[in-house]
Amino acid sequence: MVWLALTAVAIVALVSIGYSIHARRTLQQHQRQYEALINVLRNEIQALTSSSIGMGHRLMDVENQLNITAEKQQELANRDPGVLAYNQAARLMEMGADVDDLVKNCGIGRPEAELMALLHKEIAAPDNRN
């Protein structure tokens, strides 16, 4: 009877050892799979980061070019005094200046000021209808 109990214990021990070995192998297999997935994800994150940095550099280049273009446009607008006077006259018209104010402050002739006032009224008229 003791032999029978010892045999049962030995069988249970062998089954436990077998199950432990199987569980360890399964665990190692899962660990390898997870490490491979981690490497794939790490590579994808690195690729996304690199492309984001590249896109950021390109965006900064475009912004710099836009700033340079805006500066050049402002320089061109400031070179022509006639354009500057008309731009100032247009701003004054938007603020409600009359023809006399345009002639006095912008240095343009009365006929030009009257024409600008007429154009301003025509442009503002459709806005008032809505």
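As shown above, the structure is provided for reference.
Let us look at the structure shown here.

A few points about helix 3 (residues 99-106)
An α-helix turns once every 3.6 residues. As a result, residues three or four positions apart point the same way. Along helix 3, the positions that sit buried rather than exposed are Val99, Leu102 and Cys106. End-on view of helix 3: buried residues confined to an arc of 70 degrees, all on one side of the axis. Two residues or fewer past helix 3, Gly107 is found with a positive phi of approximately 75 degrees.

Re the pattern of salt bridges
In this structure the tally under the stated criterion is 2 salt bridges. One salt bridge in this structure joins Asp100 and Arg110, with 2.9 Å as the shortest N-O distance. Taken as a pair, Asp100 in helix 3 and Arg110 in helix 4 (residues 110-129) lie far apart in primary sequence, 10 residues in all. For Asp100, a relative accessible area of 43% gives the class partly exposed. Exposure remark for Arg110: the relative accessible area of 40% places this residue in the partly exposed category. Residue Glu114 pairs with Arg110 through a salt bridge whose shortest N-O separation is 3.6 Å. Pair noted here: Glu114 and Arg110 are both in helix 4, with a separation of 4 residues, about one helical turn. Residues joined in a network through salt bridges with shared partners are Asp100, Arg110 and Glu114.

So, how was this worked out
- Residues numbered from 1 in each chain as written.
- Predicted model: local features only at pLDDT ≥ 70, side-chain atom pairs only at ≥ 80, totals over all residues.
- Heavy atoms only, no water.
- Buried < 20%, exposed > 50% of the residue type's maximum accessible area, 1.4 Å probe, protein only.
- Helix = DSSP H or I, 4+ residues; strand = E, 2+ residues; numbered from the N terminus.
- Arc of directions from axis to C-beta.
- Salt bridge = Lys/Arg side-chain N within 4 Å of Asp/Glu carboxyl O.

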